[in-house]
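# Survey of secondary and tertiary structure
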Amino acid sequence: MNFSCHRHTALFGLPALALLMAATGCSSADDGASAVVPSPDAKVTELCQNLDKVLPKKIDGLDRNDPEPRSALTAGWGSPAIILRCGVERPAKMSDENALSGEVNGVGWLMENQGDGSYRFTSGLRRAYVEVSVPTKWVQRDGSGSLVDLAAPIKKAIPEGIAD
C-alpha cells in the first residue's frame, strides 16, 4: 500500500505509526471507489453473480478497479471508477418500456443526467436491473464505450424479461 506521506518508522513501531498517520491526516494513495451494495432477492442475486463471472477485465480501455466493499454485485473500471451495480431497484423514471432512453447492442438503457456532468444508466427489460454510473471524466471522453463493452456480458447473464 502506498501512502501520500512518509514517516520514519524505526523509532515508533506500527501502532504509533498508525496513530500518527491518523492524527496527521495521511491517506492511502491507492484509495479506491466505494459503492452501496444492492440487496436483491435470491433469484436476482444469482443472476448478478453470474454476471460478475463474465464481466470483462477492461471496459472502454479502462482496467477493472472494483469498489469497496467487495461484492459480486458491484464492479468498477478506471479511476474515477465507472461503477456497475447489479440487482438495484427499478428507477422511478422507468415506469414502462417507453421510459428507456435507448439501446446499445441489444440492451435497453434508461439514461439519467446526475446534474454534475455524470450519468447513470439502468438496464431495462431484463430479469435484473443493472446500473452503470459514468463519472464526468469518462462522459467527456465518450463513456458510451462502457455500455458497448458491457452489453454482451449482460445479455449472457441476465435474461430478457421484467425484473419486478
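Keep in mind that what you see is a predicted model, and the values were worked out from it rather than measured.

Thresholds, definitions, all that
Residues numbered from 1 in each chain as written. Predicted model: local features only at pLDDT ≥ 70, side-chain atom pairs only at ≥ 80, totals over all residues. Heavy atoms only, no water. Buried < 20%, exposed > 50% of the residue type's maximum accessible area, 1.4 Å probe, protein only. Helix = DSSP H or I, 4+ residues; strand = E, 2+ residues; numbered from the N terminus. Pairing = 2+ DSSP bridges. Disulfide = S-S within 2.5 Å. Core = buried A, V, L, I, M, F, W, Y, C linked by side-chain atoms within 4.5 Å. Contact = heavy atoms within 4.5 Å. Salt bridge = Lys/Arg side-chain N within 4 Å of Asp/Glu carboxyl O.

### Remarks on the pairing of strand β4 (residues 82-86)
For a regular strand, side chains alternate in direction, first toward one face of the sheet and then toward the other. The buried count for β4 comes to five of five residues, which makes it a mostly enclosed element. Because side chains alternate across β4, one face comprises the buried residues Ile82, Leu84 and Cys86, and the other comprises Ile83 and Arg85, equally buried. Bridge count between strand β3 (residues 74-77) and β4: four bridges; the pairing is antiparallel. Counterpart to glycine 76 in the pairing with β4 is isoleucine 83. The loop that links β3 with its antiparallel partner β4 comprises four residues; one of these, glycine 78, has a positive phi angle of about 80°.

### What to know about the state of the cysteines
Tallying each qualifying case throughout the model produces one disulfide. Across the disulfide, cysteine 48 is cross-linked to cysteine 86 (sulfur-sulfur distance 2.1 Å). Judged by the sign of its S-S torsion, about -75°, the bond between cysteine 48 and cysteine 86 is left-handed. One end of the pair, cysteine 48, is in helix α2 (residues 42-54); the other, cysteine 86, is in strand β4, with 38 residues separating them in the sequence. The exposure class of cysteine 86 is buried, given its relative accessible area of 1%.

### Overview of the nonpolar core
By size, the foremost hydrophobic cluster in this structure holds 28 residues, and its most contacted members are Leu51, Leu84, Val132 and Ile158. Sorting the residues of this core by element identifies α2, β3, β4, β6 (107-113), β8 (130-134) and α4 (144-157) as the ones contributing at least two each. Here this core takes five residues from α4, the largest share from any one element. The contacts of leucine 51, once residues within four sequence positions are left out, are Leu84, Cys86, Val130, Pro153, Ile154, Ala157 and Ile158.

### Considering unusual backbone geometry
Cis rather than trans, the peptide bond between glutamate 68 and proline 69 has omega equal to -10°. Note that proline 69 resides in the loop between β2 (62-63) and β3. For asparagine 105, which is not glycine, the phi dihedral falls at a positive 50°.

### A few points about the pairing of β6
Extensive coverage of β6 is indicated by the burial of five of its seven residues. As paired strands, strand β5 (residues 102-104) and β6 are joined by three bridges and run antiparallel to one another. Within β6, the residue paired with glycine 102 across the bridge is tryptophan 109. Adjacent in sequence and paired antiparallel, β5 and β6 are bridged by two residues, among which asparagine 105 carries a positive phi angle near 50°. Sheet analysis places β6 next to strand β7 (residues 119-124), joined by six bridges and oriented antiparallel. Within β7, the residue paired with tryptophan 109 across the bridge is serine 123. Joining the antiparallel neighbours β6 and β7 is a turn of five residues, in which glycine 115 adopts a positive phi near 85°.

### Points about the environment of lysine 93
Mapped onto the fold, lysine 93 is located in the loop between β4 and β5. Filtering out sequence-adjacent residues up to four positions away, lysine 93 remains in contact with Ala99, Leu110 and Glu112.

### Considerations on the pattern of salt bridges
Applying the stated criterion across every chain, the model contains seven salt bridges. Taking the shortest distance from any N to any O, the salt bridge between arginine 126 and glutamate 160 comes out at 3.9 Å. Taken together, the residues span a long stretch of sequence, with arginine 126 in the loop between β7 and β8 and glutamate 160 in the segment after α4 at a distance of 34 residues. With relative accessibility at 60%, the residue glutamate 160 sits in the exposed group. Several salt bridges converge on common partners, so that one network encompasses Asp52, Arg64 and Asp66.

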